[in-house]
Amino acid sequence: TIIDPLLPGSGRGVKFSDVAGAKEAKQEVMEFVDFLKNPDKYRTLGAKVPKGALLLGPPGCGKTLLAKAVATEGQIPFLAMNGSEFTEMIGGLGAARVRDLFKEARKRAPCIVYIDELDAIGRQRSSGQSGFDGGSGESEQTLNQLLVEMDGIGSKEGVVLLASTNRLDILDKALLRPGRFDRHIMMDLPNQEERREIFEHHLKSIVLEKPASYYSRRMASLTLGFSGADIANVVNEAALHAARYGKKVVSALDLEYAVERVVGGTEKRSQALS
Ligand code: ATP
């Protein structure tokens, strides 16, 4: 996927203000916008700017959202691929896809390359169960190509690589060496105050009986363990529930119903996984 905020008609991109909570993570990635926008500031000091960062944390906590926001705020293109898109390939095509992605990125620089689920491509090599083909051949070639491409990019190229994973433990150590993914940015499940902020953000997009702040505090206290994606889901389910009963505004009852529904969904999901 390529999102280019500079092209007309590409719509309103995800902004930093759309990522609620996650204050520290936002501060850390904001630095990357500056690396891309003002490379000379760092070059003249002799500083080597990081080539990329790894966004860590459970699903639905805003990793993709944050990576997109970096691109929008920097007014630069965002090139995204999922790690599994490389591993489905056979006959050297995975490595070729990596090469093509970076070729395109260099053409569009300055830009952000985002690889979601990096673990699909970046599992440890030669550990017996390391890849879809047992750690040899195909998956190894793909990972090697990624390492080659990472070494080839730098602040001069204006390509910043962001990648996300929830499995730091299984990543090949070569990916974590200095000069590669040596920055780690944690995006964990939101705490109560962060959940309040995420509710407040999403509640703004629906029609409520009372102001958003009236609901957000109570909803945050009811939703321990919810991710940002779960919260977005609760808000939408509440609006659907209100519509189902022909209501013109969403009320506390709809929101409470939606929490139950989303809890049911996550329980089913975790049962299926266990
Ligand atoms: P995955 O690893 O499953 O891709 P992710 O961490 O990349 O998950 P996102 O895709 O960024 O999660 O988040 C999914 C959706 O959840 C977002 O589109 C947004 O609606 C909501 N969301 C998640 N985190 C936040 C947040 N901090 N603030 C506002 N909305 C959030």
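In the block above lies the structure referred to throughout.
Everything numeric in this text was worked out from a predicted model, so none of it was measured.

Among the nonpolar cores identified, the biggest contains 28 residues, and Leu66, Ile112 and Leu162 are the most heavily contacted of them. For this core, the secondary-structure elements that each account for two or more residues are helix H1 (23-37), strand E2 (52-56), helix H3 (63-74), strand E3 (78-82), strand E4 (111-116) and strand E5 (159-165). Broken down by element, the residue count for this core peaks at six residues, all from H1. Residues within four places of Ile112 in sequence aside, it is in contact with Leu36, Val70, Ala71, Ile76, Pro77, Phe78, Leu79, Val160 and Leu162.

As a matter of local geometry, the ligand sits amid 16 residues, with Ala20, Gly60, Lys63, Thr64 and His202 nearest to it. A distance of 3.5 Å separates an oxygen atom of the ligand from a polar side-chain atom of Asp116. When the ligand sits alone it has 620 Å² of accessible area, and the protein chains cover 76% of it. For the shell around the ligand, the secondary-structure elements that each account for two or more residues are H3, helix H8 (192-203) and helix H10 (228-244). Residue composition of the shell around the ligand, by class: eight nonpolar, five polar and three charged.

Attention shifts here to the packing of aromatic side chains. Counting across every chain of the model gives four aromatic pairs. On the basis of an interplanar angle of 85° and a centroid distance of 5.2 Å, the ring pair of Phe32 and Phe35 is categorised as edge-to-face. Taken together, the residues Phe32 and Phe35, both in helix H1 and three residues apart, mark about one turn of the helix. Phe35 carries the same exposure label as Phe32, and that label is buried. Geometrically, the ring pair formed by Phe78 and Tyr114 is stacked, given 5.8 Å between the ring centres and 25° between the ring planes. Of this pair, Phe78 sits in strand E3 while Tyr114 is found in strand E4, placing the two residues 36 residues apart along the sequence. Just as Phe78 is buried, Tyr114 falls in that class too. Here a set of aromatic residues connected by ring pairs shows up, and it is made of Phe32, Phe35 and Tyr42.

Cut-offs used in this document
- Numbering of residues starts from 1 in every chain and runs along the sequence as written.
- Two thresholds apply to this predicted model, a pLDDT of at least 70 for residue-level local features and 80 or more for giving and counting side-chain atom pairs, whereas whole-chain, interface and lining totals are computed over all residues.
- Water and hydrogen atoms were dropped before computing side-chain values, which therefore reflect all heavy atoms in the structure.
- Definition used in this section: a nonpolar core is a set of buried Ala, Val, Leu, Ile, Met, Phe, Trp, Tyr and Cys residues joined via side-chain atoms within 4.5 Å.
- Only protein chains enter the calculation, and the probe is 1.4 Å; a residue is then buried if its accessible area is under 20% of its type maximum, exposed if over 50%, and partly exposed in between.
- Secondary structure follows DSSP: runs of H or I at least 4 residues long count as helices, runs of E at least 2 residues long count as strands, and numbering of each begins at the N terminus.
- Whether two residues are in contact is decided by their heavy atoms: any pair within 4.5 Å suffices.
- In this text, near means that some heavy atom of the residue lies within 4 Å of the molecule or strand in question.
- The term polar contact refers here to a pair of N or O atoms within 3.5 Å; inside protein, the definition further demands a hydrogen-donor-capable atom paired with an acceptor-capable atom, and it admits residues adjacent in sequence only when both atoms are side-chain atoms.
- We get accessible surface area from the Shrake-Rupley algorithm with a probe of 1.4 Å; when it comes to residues, only the shown protein chains can shield them.
- Three classes are used, and their members are as follows: Ala, Val, Leu, Ile, Met, Phe, Trp, Tyr, Cys and Pro are nonpolar, Asp, Glu, Lys and Arg are charged, and the others, Gly among them, are polar.
- Stacked, tilted and edge-to-face are the three classes assigned to paired rings of Phe, Tyr and Trp, where Trp is represented by its six-membered ring and a pair needs centres within 6.5 Å; plane angles under 30 degrees give stacked, over 60 edge-to-face, the rest tilted.

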